[in-house]
Amino acid sequence: MGPLLIMDLNTLRHSCSHVMAQAVKELWPQVKLAIGPAIEDGFYYDFDKKEPFTDEDLLVIEKKMQGIIASDEPFLQEDLAKEKAIELFKKLKEGYKVELIQALPDKNVSIYKTGKAFLDLCRGPHIKSTGQIKVFKLLSVAGAYWHGIETNPMLQRIYGTCFETQKELEAYLKNLEEAKLRDHRKLGPALEFFDIYHEEAGAGLVFYHPKGALIRTIIEDYEKKEHLRRGYQIVITPHIMQAELWKTSGHYDYYKENMYTFKIEDKEFVLKPMNCPGHILIYKSKTRSYKDLPIRYFELGTVYRHEKAGVMHGLLRVRGFTQDDAHIFCLPAQLRDEIKKIIDFVFDTMKIFGFNEVGIELSTRPEKYIGSEEDWQKATTALEDALKEKGIVYEVNQGDGAFYGPKIDIKLKDALKRTWQCATIQCDFALPKRFNLAYIDAEGKERQPIMLHRVLLGSLERFIGALIEHYKGEMPLWLAPTQVLLIPIKDTVTQYAQEVKQKLESNNIRVDIDMRNETLDKRIRNAELNKTPYCLILGEREAKQGQVSVRKKGSGDQGAIALDKFIEELTNQIQEHR
RNA sequence: GCUGGAGUAGCUCAGUUGGCAGAGCACGUCCUUGGUAAGGACGGGGUCACGAGUUCAAUUCUCGUCUCCAGCUCCA
């Protein structure tokens, strides 16, 4: 047998997961099998075993797998009548498999056999024989619920991956290493952007240090300016509001487990988990005419949500975060256009921050929801139509919408092609109804506006996390907290360094000065590690001629130029970035 | 919340088979005044995550709590 002409990587990985399961069964016959599919970067198999698998176990399993591969056992497929299959797996005491077969609609089920005794329920396809597996590696063990349902028993999942060549495997492992180097949880604190790990303050709460706060401020300023330019109005609403309001909005009934509530003098208050009710109160503060619509309220709204312990993750999942949140109140006739405008706004914003690739998903009605089916249908159609009219390709996530409406999620892709959920656009007929929102139409009749909820960056925390990983902590010039670091060579030039600093500052360039009693080399190394875009080396030569010696991060010494010239060039470069 | 792993100086980590805790970097002082990625000397710094228990003695053993990590579930 020659090699496969077209090797389907998924098939290969799926087969590899079978081999792993076979190895596990041979080593621990009492282990029960659940499922073992191929996934994006490899495969896994879920096992029911009392004692946890250890890292040493993984090595033992790998060795066993190598044996199975070496003996080149064929994958044999066979169709069995459903009843017979159930009987067979009952006899094998594979309860999970029995459950799976019982759930299958067909009369016959497909079984694969490898080796002497390894049988698995499987649709296939598989490679011809185990010898076709060349390179594989078991990566980790983790718990996973049977069928992914929280109340089901927890199984042990072994993750592994498999490639056609050693080279590809190494590239994959290298990519994992690369991702580790970009980890914002490491880089953020190391670069003094933020920290998040104060046990005494509580989990999931972010402390922005000066540099991180500066980055965030730059982003916020950009957003405020851009929203005003695009016809939004900035509003600011309270952080605590009484429970009454959240009962009206439905959050109290549908979102309670995530809300921070407290009682003062018999009144119950809620720390806001969302900004919508606040914006709604502003809308309701007076009678609105159809001529006023659309009304677009924007708020950098800080919200608190009690996420379950164990789901927090760096800046990506926290308990207190700030959304670049807007609510648009519009006429039915304006809906599609408003959605399209938001989509454009999202794309423009992503581009500004250096993300050029996105993935788009439409999420439909979940099990827990408010509002009528008819409104859900209308809202979903509006979102779909806007996407279609813009010629955007999207995936559908059934049942993944918010409780008050369907949504479009726009996920950005970073330098390593990983996706980040940031922007979302939600169409909502339910809250306007609950709050009795109204406008007066051309005939003088009261009508109900439609409400759009949307965020562009999502949460500033998550977005900053994405930025750090995308740029590996090396912020683009316009976002870099320190754009230029001055390094006076010795203290005879500190006077000149001060002058340069002032001149740069008066040109709105963010500048720091490193006057520490350290060698030039040491201070340069430091600047490189801090990922400062530019260093200006200032010695007596430069002072004499009004020049600066430019060092660019990553590309080294650029030679000396006149200070004014440097300012001009840098200013241009900062402008270009945005 | 669930399964498994972990918590020693600001950071990266060593160490104590139960007997007053260590390195490098960082920080401070002094020397050095340097031309593009680590100059030198000396020094300060720890309730060994927190709380109970066992013990003559706990950072080390046991239990509980908190936090973090890999996932599951959930999500901006």
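Residues numbered from 1 in each chain as written. Chains lettered and ligands numbered in written order. Predicted model: local features only at pLDDT ≥ 70, side-chain atom pairs only at ≥ 80, totals over all residues. Heavy atoms only, no water.

Here we look at the packing of aromatic side chains
One pass over the structure, following the stated rule, counts 19 aromatic pairs. Centre to centre, the rings of Phe262 and Phe269 are 5.9 Å apart; their planes meet at 20°, and the pair counts as stacked. Judged by its relative accessible area of 33%, Phe262 is partly exposed. Among the aromatic residues, ring-to-ring pairing joins Tyr222, Phe353, Phe355, Phe463 and Trp478 into one connected group. Its end group placed over the ring of Phe53, Lys49 keeps NZ or CZ at 4.5 Å from the ring centre. (Phe/Tyr/Trp six-rings, centres within 6.5 Å; stacked < 30°, edge-to-face > 60°. Buried < 20%, exposed > 50% of the residue type's maximum accessible area, 1.4 Å probe, protein only. Lys NZ or Arg CZ within 6 Å of the ring centre and 35° of its normal.)

Topic: the state of the cysteines
Per the stated rule, a full pass over the model turns up zero disulfides. Here Cys276 is not cross-linked by a disulfide; its sulfur's nearest cysteine counterpart is in Cys427, at 13 Å. Cys422 takes part in no disulfide bond, and the closest cysteine sulfur, belonging to Cys276, lies 19 Å away. Using a relative accessible area of 3% as the deciding quantity, one classes Cys422 as buried. (Disulfide = S-S within 2.5 Å.)

Here we look at the protein's contact with RNA strand B
In the vicinity of RNA strand B there are 52 residues, among which Tyr145, Ala309, Asn517, Arg525 and Glu542 approach most closely. A breakdown of the atoms of RNA strand B within 4 Å of the protein gives sugar and phosphate a share of 47%. Within the side chain of Ser459, an N or O atom sits 3.4 Å from a base nitrogen of RNA strand B. Arg551 is positioned with one of its side-chain polar atoms (N or O) 2.9 Å from a sugar or linking oxygen of RNA strand B. Mapped onto the surface near RNA strand B, the elements with two or more residues apiece are strand 7 (135-145), strand 8 (154-163), helix 6 (184-190), strand 20 (419-428), strand 23 (450-459), helix 16 (520-529), helix 17 (540-545) and strand 27 (547-552). (Near = heavy atom within 4 Å. Polar contact = N/O pair within 3.5 Å; in protein donor to acceptor, adjacent residues only side chain to side chain. Helix = DSSP H or I, 4+ residues; strand = E, 2+ residues; numbered from the N terminus.)

A look at the nonpolar core
Of all hydrophobic cores here, the largest spans 80 residues; its most connected members are Phe353, Ile408, Val484, Leu504 and Leu536. Examining the composition of this core, we find that seven residues originate from one element, helix 11 (residues 335-352), more than from any other. Beyond its immediate sequence surroundings of up to four residues, Val484 is in contact with Leu504, Ile509, Arg510, Val511, Asp512, Thr532, Tyr534, Leu536, Phe566 and Leu570. Of all hydrophobic cores here, the second largest spans 29 residues; its members include Leu12, Phe47, Ile69 and Cys162. (Core = buried A, V, L, I, M, F, W, Y, C linked by side-chain atoms within 4.5 Å. Contact = heavy atoms within 4.5 Å.)

Regarding the domain arrangement of chain A
The domain boundaries assigned to chain A delineate domain 1 (9-182), domain 2 (202-237 + 273-470) and domain 3 (484-575). For domain 1 and domain 3, the distance between their C-alpha centroids amounts to 58 Å. (Domains from an automatic or database assignment.)

Description of the packing of helix 7 (residues 210-229) against helix 14 (residues 460-471)
Contact geometry of helix 7 with helix 14 gives a least axis separation of 11 Å together with a crossing angle of 115°. With respect to each other, helix 7 and helix 14 are oriented roughly perpendicular. When you trace helix 7 past helix 14, the crossing you get is right-handed. Here Arg216, Ile219, Glu220 and Glu223 of helix 7 come into contact with helix 14, specifically with Leu460, Glu461, Ile464 and Leu467. Here the residues of the contact of helix 7 with helix 14 are counted per class, giving four nonpolar, no polar and four charged. (Axes fitted to C-alpha atoms, helices over the stretch in contact; angles between N-to-C directions. Parallel < 35°, antiparallel > 145°, perpendicular 65-115°, else oblique. Left-handed = near helix turned anticlockwise from the far one by under 90°. Nonpolar A, V, L, I, M, F, W, Y, C, P; charged D, E, K, R; others polar.)

Some points on the sheet that holds strand 12 (residues 240-242)
One open sheet holds the three strands; their spatial order is 12-14-13, and the pairing between them is antiparallel. Strands with a single pairing partner mark the edges of an open sheet, and in this sheet they are strand 12 and strand 13 (260-264). Taking each pair of neighbouring strands and ignoring which way they run, the sheet shows an average axis angle of 35°. Sheet topology places strand 12 next to strand 14 (residues 267-271); three bridges connect them, and they run antiparallel. Within strand 14, the residue paired with Met241 across the bridge is Val270. (Pairing = 2+ DSSP bridges.)

Section: the layout of surface pockets
Taken as a whole, the largest pocket holds about 1400 Å³ of empty space. Looking at the largest pocket, it is lined by 40 residues, and the ones nearest its centre are Tyr255, Met274, Arg305, Glu307 and Lys407. Going through the elements one at a time, strand 16 (320-330), strand 19 (407-413), strand 20 and strand 23 are the ones with two or more residues in the lining of the largest pocket. Broken down by element, the lining of the largest pocket gets its largest block of residues, five residues, from strand 23. Roughly 470 Å³ of internal volume is contained in the second largest pocket. (1 Å grid on protein atoms, 1.4 Å probe; cavity = no way out; pocket = protein on both sides within 12 Å on 5 of 7 lines; lining within 4 Å. Points joined across faces, edges and corners; volume = space filled by probe spheres on them.)

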